[in-house]
Amino acid sequence: MRTRILGIAALTVAIGAPFAAEAQGATVGVAPGPGVAVTESEGIAVDQRPAFREYVVRERIPNYTIPDRVVVGGVLPEVGVTYYDVPQTYGATPYRYTVVNGSTVLVEPRTRRIVQVIE
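Residues numbered from 1 in each chain as written. Predicted model: local features only at pLDDT ≥ 70, side-chain atom pairs only at ≥ 80, totals over all residues. Heavy atoms only, no water.

Asker: Teacher, can you tell me more about the pattern of salt bridges here?
Answerer: Two side chains that carry opposite charge are able to pair once their charged atoms sit near each other. For the coordinates displayed, the defined rule picks out 1 salt bridge. A salt bridge links Asp 85 to Arg 96; its shortest N-O distance comes to 2.7 Å. Of the two residues, Asp 85 sits in strand β4 (residues 84-85) while Arg 96 sits in strand β5 (residues 96-100), which places them 11 residues apart along the sequence. (Salt bridge = Lys/Arg side-chain N within 4 Å of Asp/Glu carboxyl O. Helix = DSSP H or I, 4+ residues; strand = E, 2+ residues; numbered from the N terminus.)

Asker: Even after reading the chapter, I still don't get the confidence of the model for the protein, so can you show me in this structure?
Answerer: Interpretation of the predicted coordinates at a detailed level should be avoided for regions scoring low in pLDDT. Chain-level statistics for the protein give a pLDDT mean of 78 and a share of 66% at 70 or above. Throughout residues 17-36 the model reports pLDDT below 50, and contacts reaching past four residues in sequence, or to other chains, amount to 30 contacts. (pLDDT = per-residue confidence, 0-100. Contact = heavy atoms within 4.5 Å.)

Asker: Looking at this structure, how should I read the nonpolar core?
Answerer: Inside soluble globular proteins, nonpolar side chains tend to come together where they are buried. In terms of nonpolar packing, the biggest core is built from 13 residues, with Ile 44, Phe 52, Val 56, Val 86, Tyr 97 and Leu 106 touching the most fellow members. Secondary structure elements with two or more residues in this core: α2 (49-59), β5 and β7 (113-118). Ranked by the residues each element gives to this core, the list is headed by α2, at 3 residues. Counting residues in each nonpolar core, the second largest holds 11 residues, with Ile 66, Val 81, Val 100 and Val 117 among its members. (Core = buried A, V, L, I, M, F, W, Y, C linked by side-chain atoms within 4.5 Å. Buried < 20%, exposed > 50% of the residue type's maximum accessible area, 1.4 Å probe, protein only.)

Asker: Mind showing me how you'd approach the pairing of strand β6 (residues 103-108) here?
Answerer: Within a regular strand, the side chains alternate between the two sheet faces. Summarising burial for β6: 5 of the 6 residues are buried, a large majority. Sheet analysis places β5 next to β6, joined by 5 bridges and oriented antiparallel. Each residue of the ladder has a partner; that of Tyr 97, found in β6, is Leu 106. Following β5, the chain reverses through 2 residues before pairing antiparallel with β6; Asn 101 in that reversal takes a positive phi of roughly 50°. Both β6 and β7 contribute to a ladder of 5 bridges, which runs antiparallel. Bridging across to β7, Val 105 finds its partner in Val 117. Linking two consecutive strands that pair antiparallel, namely β6 and β7, is a turn of 4 residues; a positive phi of about 65° is found at Arg 112 within it. (Pairing = 2+ DSSP bridges.)

Asker: Whenever I open this one, the packing of aromatic side chains confuses me. Can you help?
Answerer: Any aromatic ring pair is given by two values, namely how distant the centres are and how the planes are angled relative to each other. Inspection of the entire model under this criterion finds 6 aromatic pairs. Geometrically, the ring pair formed by Tyr 55 and Tyr 97 is edge-to-face, given 6.4 Å between the ring centres and 65° between the ring planes. Of the two residues, Tyr 55 sits in helix α2 while Tyr 97 sits in strand β5, which places them 42 residues apart along the sequence. Comparing Tyr 55 with Tyr 97, the two get one shared label, buried. Measuring from centroid to centroid gives 5.6 Å for Tyr 84 and Tyr 97, while their planes differ by 35°, and the two rings are tilted. Here the residue Tyr 84 occupies a position in strand β4, and Tyr 97 occupies one in strand β5, the gap between them amounting to 13 residues. Judged by relative accessible area, Tyr 84 falls into the partly exposed class, the value being 23%. Given the relative accessible area of 1%, Tyr 97 is considered buried. (Phe/Tyr/Trp six-rings, centres within 6.5 Å; stacked < 30°, edge-to-face > 60°.)

This is the structure in structure tokens:
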């Protein structure tokens, strides 16, 4: 009986964790490959996103089209995509940004894995 209760408790925690992370402002996504979660301290903070989107439009960053959906955890192609540094104004981050399929994304430059989609 105790094992069953512990199993139900573990399942409840596993199901609720993404919702708790979202409530705390983290961007959480599920995709093939290693799990990725970016906190506001690593990515673009919620209150900075509108200004960052305006910045990207002003800079006229080219839009790259890929056949895949743009999701957190997705990996961008090795060639054909240019990555740009995020200005300090929007927070210090180890990631770069680009525009893919009309969405501004933060990318881990070494692996080309999308870590945040700026909506």
